[in-house]
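As a plain string of letters, each chain reads:
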Amino acid sequence: MHEENRPRSGPHREAPLSLAALVFLVAYSVRVLVRDLPDWGLDLCLAAIALAWAIAALDYAVRWRGSGDGRRFPRRHPLTALIVVLPLLRPLAFVPVYEAVQRRRGGPSLSVPARVITYTGIAVLVLGYTCALTVYALERDAPGASIRSFGQAVWWACATLATVGYGDAVPVTGWGRTVAVCLMACGIALLGAVTGAFSTWLLGVFGARDPRAARRDEDAVARDADRPPRD
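The written sequence of each chain sets the order in which its residues are numbered from 1. Note on the predicted model: pLDDT of at least 70 is required for a residue's local features to be given, and 80 or more for side-chain atom pairs to be given and counted; whole-chain, interface and lining totals, by contrast, use all residues. Calculated side-chain values reflect all of the structure's heavy atoms, with hydrogen atoms and water omitted.

(A) Structural detail: the layout of surface pockets. Size it by volume and the second largest pocket reaches roughly 520 Å³. Grid points spaced at 1 Å and placed over the protein atoms alone form the basis of the search, with a cavity being a set where a 1.4 Å probe fits but cannot get out and a pocket an open set showing protein on both sides within 12 Å along at least five of seven lines. Lining residues have an atom within 4 Å of a point. Lining the second largest pocket are 23 residues, and of these Tyr28, Leu86, Thr130, Thr134 and Val179 lie nearest its centre. Residue assignment for the lining of the second largest pocket shows that the elements contributing at least two residues are helix H1 (11–33), helix H2 (39–67), helix H4 (78–85), helix H6 (112–139) and helix H8 (174–209). Each helix is a run of H or I in the DSSP string that is no shorter than four residues. Each strand is a run of E no shorter than two, and both are numbered from the N terminus. Per-element accounting of the lining of the second largest pocket gives the leading share, six residues, to H8. Grid points are joined across faces, edges and corners, and a volume is the space filled by probe spheres set on the points.

(B) Region of interest: the packing of H2 against H4. The N-to-C vectors of H2 and H4 enclose an angle of 155 degrees; their axes lie 8 Å apart at closest approach. The orientation of H2 relative to H4 falls into the category roughly antiparallel. For H2 against H4, the interelement crossing comes out left-handed. Taking contact as the criterion, the partners of Trp53, Ala56, Ala57, Tyr60 and Arg63 in H2 are, on H4, Thr80, Ala81, Ile83, Val84 and Val85. When grouped by side-chain class, the residues that make up the contact of H2 with H4 number eight nonpolar, one polar and one charged. Each axis is a line fitted through C-alpha atoms, taken for helices only over the stretch in contact, and angles between the N-to-C directions span 0 to 180 degrees. The cut-offs work like this: below 35 degrees is roughly parallel, past 145 is roughly antiparallel, 65 to 115 is roughly perpendicular, and the gaps in between are oblique. By definition, any crossing whose near helix is turned counterclockwise from its far helix by less than a right angle is left-handed, and any crossing with a clockwise turn is right-handed. Two residues form a contact once any of their heavy atoms are found within 4.5 Å. Residue type decides the class: Asp, Glu, Lys and Arg count as charged, Ala, Val, Leu, Ile, Met, Phe, Trp, Tyr, Cys and Pro as nonpolar, and the leftover types, Gly among them, as polar.

(C) The arrangement of the nonpolar core in detail. Among the nonpolar cores identified, the biggest contains 25 residues, and Tyr28, Ile147, Trp156 and Leu183 are the most heavily contacted of them. Breaking this core down by element, the ones donating at least two residues are H1, H2, H6, helix H7 (150–161) and H8. Top contributing element to this core by residue count: H6, with seven residues. Side-chain atoms within 4.5 Å link the members of a nonpolar core, which is a set of buried Ala, Val, Leu, Ile, Met, Phe, Trp, Tyr and Cys residues. Think of it in three bands: with a 1.4 Å probe and only protein chains considered, a residue is buried below 20% of the maximum accessible area for its type, exposed above 50%, and partly exposed in between.

(D) Layout of the pattern of salt bridges. Salt bridges are defined as contacts in which a side-chain nitrogen from Lys or Arg sits within 4 Å of a carboxyl oxygen from Asp or Glu. With the rule as written, the count across this model stands at three salt bridges. A salt bridge links Asp141 to Arg35, with the shortest nitrogen-to-oxygen separation between them at 3.4 Å. Remark: Arg35 occurs in the loop between H1 and H2 and Asp141 occurs in the loop between H6 and H7; sequence separation between them is 106 residues. Under the relative-accessibility criterion, Asp141 is labelled exposed at 57%. Linking Arg76 and Asp69 is a salt bridge whose minimum nitrogen-to-oxygen distance equals 3.2 Å. Using a relative accessible area of 4% as the deciding quantity, one classes Asp69 as buried.

Pasting the structure below:
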């Protein structure tokens, strides 16, 4: 695929999409957290959610048409397809845009481990809040549910993302458990990303602080290689 056939993306394009995602998040939050919402408020929230979905779907269609990938586009861009279903995940798509902008400016301002940890923190906040909100909406009126308040849902999301799982608050509905499984998988992946980035940072720090030891090891290996074999 030629470079000119790829759909262009940048901060100017992401700004209205991120605004639509913010509108979706606010409308969905109000819809879930405000129990005694009047009819006009409910209609307004539903209209805002529908508008955000329409904008995400339109952007997906434009990207698909301009990519030249045909039927391969959904497989090559799974995050873009996921954002059509959940527009509030739009902040996760800003990562490649930020990388492209930084490359044009001569390189990113943060190291690779720092960028991984920063992006992981953003992902944790977005996914944690989204899943807590969704599970609270699914579980609060379910028979035998242990998640009755949004605070309990946030506590459950934090424990699940940290792969702790105390068991004091667990979803009991089918859809709630489906969300829990997805959050568990994300928690394991994000924890692995942070652990790997931190290990890379430690290796870089110790390697930079002790260059003499590394040189001594290299000299010792060179001397052993030049030494004639013993009979």
